[in-house]
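Residue strings, one per chain:
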Amino acid sequence: GRLDVSTNDWTDGIFSTLWRKTLKMKKGENVWLVLDGPVDAIWIENLNSVLDDNKTLTLANGDRIPMAPCCKIIFEVHNIDNASPATVSRNGMVFMSSSIMNYDPITAAWLQKLNPAQADVFKPLIDHCFADLYAFYSTQLKPKMNILEAILVAQFINIIDGLLPPSDAAKQPSVPQLERMYVFALMWSLGAILELEDRAKMQEFLEEKGGLNLPNCDAGTTIFEYFVDDNGEWAHWEEKVNTFVYPPDSIPRYDSILVPNVDNTRTEFLLGTIAKQSKGVLLIGESGTAKTVIIKSYCGKYDPDLHLYKALNFSSATTPGLFQSAVESYVDKRMGTTYGPPAGKKMSIFIDDINMPIINEWGDQITNEIVRQLMENKGFYNLDKPGEFTSIADVQMVAAMCHPGGGRNDIPERLKRQFCTFNCTLPSDNSMDLIFKTIAEGYFIPERGFEQTTCETFSKLVPITRRLWQAVKVKMLPTPAKFHYIFNLRDLSRIWKGILKVHGDIITTSQLAVDLWYGEVNRVIGDRFTTHKDCDWLHNKAVEIISEELSEELGQAIDRDTFFADFMRDPPEPTGEEPDDAVLEAPKIYEKVDVANELKAKLKTYQDQYNETVRGAGMDMVFFKDAAIHLVRISRILSVPTGHAMLVGVGGSGKQSLTRLASFIAGYDSFQITLTRTYNAQNLMDDLKILYRTAGVKGKGVTFIFTDNEIKDENFLESMNNVIASGEVSGMFQRDEIDEILGELGPVMKAEMPRHPQTNENLYEYFINRVKTNLHVVLCFSPVGEKFRNRSLKFPGLFSGCTMDWFMRWPKDALVEVSSHFLSNYHLDTPPDVKQSIIQSMGQIQDGVAETCIEYFNRFRRQTHVTPKSYLSFLAGYKDIYTEKYGEIKMLASRMETGLAKLLEASKSVAELSEMLVVKEKDLAVASKEADIVLQEVTASTAAAEKVKASVQKVKDKAQAIVDEISKDKAVATTKLAAAEPALLEAERALSTIKAADIATVRKLGKPPHLIMRIMDCVLLLFQKPISKIGMDSDRPGFIMCSWSESLKLMGDTKFLFNLLNFPKDTINDEVVELLEPYLEADDFNLERAKAVSGNVAGLLSWCIAMSFFFSINKEVLPLKANLAVQEGRLAIANSDLAEAQGQLDEKQRELDVAQAKFDGAVAQKQALLDDAEATRRKMTNATALIDGLAGEKTRWTEAGRRFSDQIRRLVGDALLCTGFLSYSGPFNQEFRDLLIKNWKTMCLKNKIPFSEELDLIKMLVDPATSGEWVLQGLPTDNLSIQNGIIVTKATRFPLLIDPQGQGTIWIKKKEEKNDLMVTQLNNKYFRTHLEDALSLGRPCLLEDVGEELDPALDNVLEKNFIKQGSSFKVKVGDKECDVMKGFMMYITTKLPNPSYTPEISARTSIIDFTVTQKGLEDQLLGRVILTEKAELESERNKLMEEVNANKKTNARSGG
């Protein structure tokens, strides 16, 4: 069962479910639990508590389930190798020896089932020779697979059963016929798993034994080439071989051609004999013996309405779950728990490479145990409903595998029992020639436009091809280094598949036919060779065989640079009559190409088109000969239906780039998976679904590029193995998805194959065939390390299903061509012959370093690599360093030239200044005289002006006195008037409340209140209007009589309110105030009373009181105002006098200003002349001092200028050495670094490249201030560490530090501390987020403690595949695009002391060996000791170093 760790939920497994069921059995019922299969030590130990006296099953969730009293357990195992003594002691053991199950009991039981007549014939025959033959077989012969006697006897019986007619048949076999059947069954049971040599020995034994009805063999034939015909006679298999006719008017699909011969006809017959009994058949044989083809051909003959056929490939990654889910996907539910093929049909399931599943640590092949369970028990347990057995009906198994042994697995003995096994031997020479002659002579006919002589040549090339292939098989044997040197019949088939691509108008002569043949032989066989020596052998062998079989002339004319391609033609010119949506494609004519000239130009055109079409492509390839040849090879594979390629070469060889371009040329889409942290097998399956839909439904060509970097899980290769081997991945599509696909394909298939019935099976087969035709897998693998070899053993389908192209090391001329491409338009300040030497030397450096890597490995067992990508980085680095250093030297030289120019200029200036000084002194004397004359004039004018100024001042003083007096009087008046201000404001506010309506109301009163009339009398008095005669009021004693009639007149004036508001207050006099007093002093004359009586008109009362109060103050102010008017008159007169005087003064001042300006001008001119003369004198003095002081420097500067010219001359060589050091020396120790530099210097001398003999790389690449700062940051002071620091900071690739002691990591952390260094690890769950943050924020990122592999998400970052968008850059990290900001830097460190990195990682990063040196260790230990013993000294030392460093920087900035 399973225990979910996160939720602690327990799910019962099969055994625990069955165990629980036994407890529910009814009383009296007994049950056996049969545990059938191999013993796994851990699993069986878990059952110890069941087997001992406890009889209790203890589960992981704590459940303890006792054993039911009615239950017994029986184990049925092949062996108990993995069972402990404790387990053995708890069981009763019964050993079933294979020796007791010999032929006798088995055949005796079988004979009892036969009718007596037949049994009487077979019994004596079996007794006569079976035991002796088996003894001879087991001691003298070497069967290709170990099979127990009982299984061979069962196979013998199955063959006879297959040959015998039904018991109720009218015609029964005669005795001689039965005797022949017996011999035939012997041949194909005991002889079935022998090779040809041992079969011949078996025939000899049988002939010597005698008493058997053996066939009379013709010369050169054996009994195995005969069978019992329908008449019961021996007949040669050739009589049963059908003749294959190649259609002259059409070209059948190459993969569908099966030319019948003796071997495949015989094997098909045997297969049918067993399969018709619904029993399993296993074909074994070397790769390429047509096992798969025979089985597929046989199964293809089934009527699909009655019998279906499914194929699946096993690999080392195939698990029981995968197999079970595959089988479940093939069947439908029938009834209850019984499943079977759809619609009541039968089904054959073909398992290819059945021996491939991995054998676990206990020696068990568990995947094949479930195959055995299916065959033996006709089903398996349901994984979704534990304990429920799923029965699978009407399914039989057919399988194929290579011979076991030699690193290949065998299958379990108990599975062998389920099969009848036949060994497929290699066809005879005649058979092979017959197959390919039939094809060649059927295709190359005059009706297809081929010349008769050409057709004859191709016919002759059939045995020649076989001879060459056989020679290759004998000579090129697989070794640990060349494990892929396995050549089989598939290679012969592929050669002819390529040859059949040509048209009659292309191959017009025998020579062209031989060229084509040689080209295809090289593509299929030669392209997988790993050394030039092997390629030379193949060429010489081909020439030798052609010379022998055809003619010496044709043999010697073979050009080893023979290549054919189908992309050299241009598309037709449009005529204007095409429909709008027409695409004018170039015709695909397979023809010979000129590699040297024509091909390169064509590929360059395609590359330009690719860059225009594909976003962010930026492909810049140099099509040197090898690159162009590889592209032609890849293009050839992609142009063939079902063509898959395996490109093997170190990273950076151009495998992916060439594939993308070849795919573009073929008009296909390119696809590559995008790895993410969570990418798994299901994601791969989803990607494959998309590809299958594109290739199968849309019918569009797709190239699937799959690199070994993308193999995140070895199970990925299981899917790829199935795609390449059978084109079908079981369980990829769900039922509804398949229905949808078939629905879309219906109309397409109807249009293409109108007569083909549109059943689901036919549509699905059509879909898979379209996928196989249009989907091309290109595997890009690295040959370095054990993984590549292991994968060839685990996934043979990948290697046998692909055409291999081995990328050898770039040859020197290719390296030179690449460097020439990159440097031809780059300016080097050197003669052309030296530039050419530099280009040549770059190739030599790369080649030399490759040799040094091998030597370094042999000496120190440290693996290092250089790849073509390293070389490209080297070229780019050279340009950068040369440009930088050239600019620096040019700047310094420019400064020296400027200094020398200044010295020369100073000498000239001194002479000129002496002459100028004499002239200036004369001018100065004249100017002095003029200035004196002007001074006298100014003095006279100034005196006159001063007099006028004094008289004006008197007038001004007088006027000022008057102004002061007026100001004083004004201030007093203002102060007094301010006292009356509140009363006036109050009066005005009171008036503002009175409206015209209020006045009108008062006027209308017939007899107004007495107070209102008195108020109006006061208003009359203030307005100085006439009032009635004064007298006492008779109605109101004590009050003056009111003048109401006059008041009414006054109020009748429309401007009454306006006049009140603008009343002239200064008109009030003493008399008016005196008349007002009686009114004002009355007791009821107040505001409150007035408001009560008259409302708003009461405001007039306040106004009257305020006017009276104002007069009391104004009375004092009026005299002041009168005085003020008099004084202002005086002031006007004084001001008039002042203006006149001021005018006179201004006139005089103007005269004075003119004189003063004249004087100032004269003085300024004099001063200017004086300053000029002084400056000239000073210049002359300084120039003289400079010339005298720099007399020695002039010589030195002249010499330095010459030195700079020499430095520029030597810079080409110095930059070469520096770049070589930065690009290649990182992984090496000090000894090998020195050796590399020494070798490069020797090369420069030999190639006449100027360089500095005493070149100090450290001084040239870093200034002392920077290296001093590194030391402060924790970098050891020894040369190797400083060199490492330079490579870290200056190399073109991001650094990967081999840093077991951690000193490099400490230095980087201190160095980048101020830049917000981001530290992360590959196993950190936020690693991807940290990387994206560092990129988008422009921060350095330190990836610590990596192993020997890096996350594929880093690839684009490490390769700096940045996509420019406007002014910014983006990079793809996994499936996400991130911004790349300035300031981003990547550091990678590992603590592994001797990691073995792949060439791909070596190419993407700059690997630097930071292992501590003795000197570095001494410095660090000294620092530690001082820090412990004398902490203050260490502190002071660090302080001093910081100061020295700061001074160096300052000095560099100022003096540089």
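Some remarks on the overall build of the chain
Okay, step 1: Across its full length, the chain holds 50 helices and 32 strands.
Okay, step 2: Over its C-alpha atoms the chain spans a radius of gyration of 57 Å, topping by over 25% the 35 Å that the globule rule assigns to 1456 residues.
Okay, step 3: Across its three principal directions, the C-alpha atoms of the chain cover 185 × 110 × 90 Å.
Okay, step 4: Buried residues in the chain amount to 48% of all 1456 residues.
Okay, step 5: Restricting the contact set of the chain to residue pairs at least 6 apart, pairs at least 24 apart contribute 77%.
Okay, step 6: Here the chain has roughly 70400 Å² of accessible surface; of this, 53% comes from carbon and sulfur atoms.
Okay, step 7: Looking at the chain, you have 168 positive and 200 negative side-chain charges, and the mean spots of the two groups are 3 Å apart.

A closer look at the nonpolar core
Okay, step 1: Formed by 102 residues in total, the largest nonpolar core has its most connected members in F122, F156, Y182, F184, F323, I354 and F422.
Okay, step 2: Considering each element in turn, this core owes the most residues, eleven residues, to helix α6 (residues 116-140).
Okay, step 3: One finds I435, C455, L675 and L742 within the second-largest nonpolar core, a separate group that totals 101 residues.

Some points on the sheet that holds strand β32 (residues 1405-1409)
Okay, step 1: Strand order in the open sheet formed by five strands is β26-β27-β31-β25-β32, with parallel pairing between adjacent strands. In the strand order of this sheet, the two ends are held by β26 (1318-1321) and β32, each with one partner. Taken over all neighbouring pairs, the strand axes of this sheet differ in orientation by 20° on average, direction set aside.
Okay, step 2: Note that strand β25 (residues 1294-1298) and β32 share five bridges and pair parallel.

Notes on the packing of aromatic side chains
Okay, step 1: Across all of its chains, the model carries 54 aromatic pairs by this definition.
Okay, step 2: Ring geometry for W188 against F224: centres 5.4 Å apart, planes inclined by 85°, an arrangement best described as edge-to-face. You can see W188 sitting in the loop between α8 (175-187) and α9 (196-209) and its partner F224 sitting in the loop between α9 and β7 (226-228), a full 36 residues away along the chain.
Okay, step 3: When its relative accessible area of 2% is taken as the criterion, W188 is described as buried.
Okay, step 4: Relative to F874, the ring of Y871 has its centre 6.2 Å away and its plane inclined at 40°; by these criteria the two rings are tilted. Remark: F874 and Y871 occur in helix α32 (residues 868-992); sequence separation between them is three residues, near one turn of the helix.
Okay, step 5: Y871 gets classed as buried once you look at its relative accessible area, which sits at 0%.
Okay, step 6: With relative accessibility at 0%, the residue F874 sits in the buried group.
Okay, step 7: The structure contains a cluster of three or more aromatic residues connected by ring pairs, namely Y103, W110, F122, F130, F156 and Y182.
Okay, step 8: Sitting over the face of the ring of Y590, K501 holds its NZ or CZ atom 4.1 Å from the ring centroid.
Okay, step 9: Note that R791 overlies the ring of F781, its terminal NZ or CZ placed 6.0 Å from the centroid.

Topic: empty space enclosed by the protein
Okay, step 1: Scanning the entire structure with this criterion turns up two cavities of 30 Å³ or more.
Okay, step 2: Within this model, the largest cavity holds a volume of roughly 240 Å³.
Okay, step 3: Lining the largest cavity we find 24 residues, and of these T864, H865, P1227, S1402 and I1407 sit closest to its centre.
Okay, step 4: Residue assignment for the lining of the largest cavity shows that the elements contributing at least two residues are α31 (832-860), α40 (1191-1224) and β32.
Okay, step 5: The residue makeup of the lining of the largest cavity, split by class, is twelve nonpolar, ten polar and two charged.
Okay, step 6: Around the second largest cavity sit F624, D626, A627, H630, S653, L658, F807, M808, W810 and P811, which together line it.

Some remarks on the sheet that holds strand β23 (residues 775-781)
Okay, step 1: As summarised here, the arrangement of the five strands in space is β21-β22-β23-β20-β24, forming an open sheet in which the pairing is parallel. The outermost strands of the open sheet, each flanked by one partner alone, are β21 (669-672) and β24 (803-806). Across the sheet, the mean angle separating the axes of adjacent strands is 20° when strand polarity is ignored.
Okay, step 2: Here strand β22 (residues 702-707) pairs with β23 via six bridges, running parallel. Note that in β23 the partner of T707 across the bridge is C780.
Okay, step 3: Across the sheet, helix α24 (residues 681-697) touches β21, β22 and β23, and the angle it forms with β22 is around 155°.

Points about a nonpolar patch on the surface
Okay, step 1: A cluster of nonpolar side chains, contributed by W32, V34 and I74, occupies part of the molecular surface with about 330 Å² of accessible area.
Okay, step 2: Relative to the elements of secondary structure, I74 occurs in strand β6 (residues 71-76).
Okay, step 3: Relative accessible area serves as the criterion here: at 39%, I74 is assigned to the partly exposed category.

Points about helix α17 (residues 489-499)
Three- or four-residue spacings in an α-helix give side chains the same orientation, since the helix completes a turn every 3.6 residues.
Okay, step 1: Of all eleven residues in α17, nine are buried; the element is thus mostly enclosed.
Okay, step 2: For α17, the full list of buried residues reads L489, D491, L492, R494, I495, W496, K497, G498 and I499.
Okay, step 3: Where the residues of α17 are buried, they touch α15 (429-443), α16 (452-475), α18 (510-524), α22 (625-639), α29 (796-800) and β24.
Okay, step 4: Its side-chain oxygen at 2.9 Å from the backbone nitrogen of R490, N488 defines the N-terminal cap of α17.

Let's talk about unusual backbone geometry
Okay, step 1: Residue K55 is not a glycine yet carries a positive backbone phi of 50°.
Okay, step 2: Judged by its relative accessible area of 46%, K55 falls in the partly exposed class.
Okay, step 3: Despite not being glycine, K1360 has its phi angle at roughly 55°, a positive value.
Okay, step 4: Along the chain, the position of K1360 falls in the loop between α47 (1355-1358) and β28 (1363-1365).
Okay, step 5: Residue K1360 is classed as partly exposed on the basis of its relative accessible area, which comes to 36%.

Describing the environment of V153
Okay, step 1: Along the chain, V153 turns up in helix α7 (residues 149-163).
Okay, step 2: Expressed as a C-alpha distance, the spacing of V153 and L186, which sit 33 residues apart in the sequence, is 9.2 Å.
Okay, step 3: In this structure, V153 is in contact with Y103, I106, T107 and F130, ignoring residues within four places of it in sequence.

Some thoughts on the pattern of salt bridges
Okay, step 1: Applying the stated rule across the entire model yields 61 salt bridges.
Okay, step 2: For D36, the salt bridge identified is with R414, shortest N-O distance 2.6 Å. Taken together, the residues D36 in strand β3 (residues 31-36) and R414 in helix α14 (residues 413-416) connect sequence positions 378 residues apart.
Okay, step 3: Given a relative accessible area of 15%, R414 falls into the buried group.
Okay, step 4: Between R633 and D805 there is a salt bridge whose closest N-O contact spans 3.0 Å. Linking R633 in helix α22 with D805 in strand β24, this pair joins segments that are 172 residues apart in sequence. Considered together, R633 and D805 belong to a single accessibility category, that of buried residues.
Okay, step 5: Salt bridges linked by common partners bring D36, E76, E369, R372, E376, R414 and R417 together as one network.

Digging into the pairing of strand β10 (residues 307-313)
Regular strands have side chains that alternate between both faces of the sheet.
Okay, step 1: Across the seven residues of β10, six count as buried, placing the element largely inside the fold.
Okay, step 2: With seven bridges joining them, β10 and strand β13 (residues 346-352) adopt parallel strand pairing. Counted as the bridge partner of L308 is M347 from β13.

Quick look at helix α13 (residues 366-377)
Okay, step 1: An ideal rise of 1.5 Å per residue puts 16 Å on twelve residues; α13 measures up with 16 Å between its terminal C-alpha atoms.
Okay, step 2: The buried fraction of α13 amounts to nine of the twelve residues, a majority that puts the element mostly inside the structure.
Okay, step 3: Among the residues of α13, T367, N368, E369, I370, V371, R372, Q373, L374 and M375 are the ones counted as buried.
Okay, step 4: Following α13 by one or two positions, K378 has its phi on the positive side, about 55°.

Quick look at the environment of L1169
Okay, step 1: By the element assignment, L1169 lies in helix α39 (residues 1099-1189).
Okay, step 2: Of the residues examined, L1169 reaches a relative accessible area of 16% and is grouped as buried.
Okay, step 3: Put simply, L1169 and D36 are 1133 residues apart on the chain and 124 Å apart in space, counted from C-alpha to C-alpha.
Okay, step 4: Other than its neighbours up to four places away in sequence, L1169 contacts D923, L924 and A927.

Criteria and cut-off values
- Residues numbered from 1 in each chain as written.
- Predicted model: local features only at pLDDT ≥ 70, side-chain atom pairs only at ≥ 80, totals over all residues.
- Heavy atoms only, no water.
- Helix = DSSP H or I, 4+ residues; strand = E, 2+ residues; numbered from the N terminus.
- Rg over C-alpha atoms; globule rule 2.2 N^0.38 Å.
- Buried < 20%, exposed > 50% of the residue type's maximum accessible area, 1.4 Å probe, protein only.
- Contact = heavy atoms within 4.5 Å.
- Areas by Shrake-Rupley, 256 points an atom, 1.4 Å probe, with all protein chains shown as cover.
- Lys, Arg positive; Asp, Glu negative; His and termini not counted.
- Charge placed at Lys NZ, Arg CZ, Asp CG, Glu CD.
- Core = buried A, V, L, I, M, F, W, Y, C linked by side-chain atoms within 4.5 Å.
- Pairing = 2+ DSSP bridges.
- Axes fitted to C-alpha atoms, helices over the stretch in contact; angles between N-to-C directions.
- Phe/Tyr/Trp six-rings, centres within 6.5 Å; stacked < 30°, edge-to-face > 60°.
- Lys NZ or Arg CZ within 6 Å of the ring centre and 35° of its normal.
- 1 Å grid on protein atoms, 1.4 Å probe; cavity = no way out; pocket = protein on both sides within 12 Å on 5 of 7 lines; lining within 4 Å.
- Points joined across faces, edges and corners; volume = space filled by probe spheres on them.
- Nonpolar A, V, L, I, M, F, W, Y, C, P; charged D, E, K, R; others polar.
- Patch = residues over 30% accessible without salt bridge, like charges linked within 9 Å, V, L, I, M, F, W, Y side chains within 5 Å.
- Salt bridge = Lys/Arg side-chain N within 4 Å of Asp/Glu carboxyl O.
- Polar contact = N/O pair within 3.5 Å; in protein donor to acceptor, adjacent residues only side chain to side chain.
- Expected span 1.5 Å × (residues − 1).

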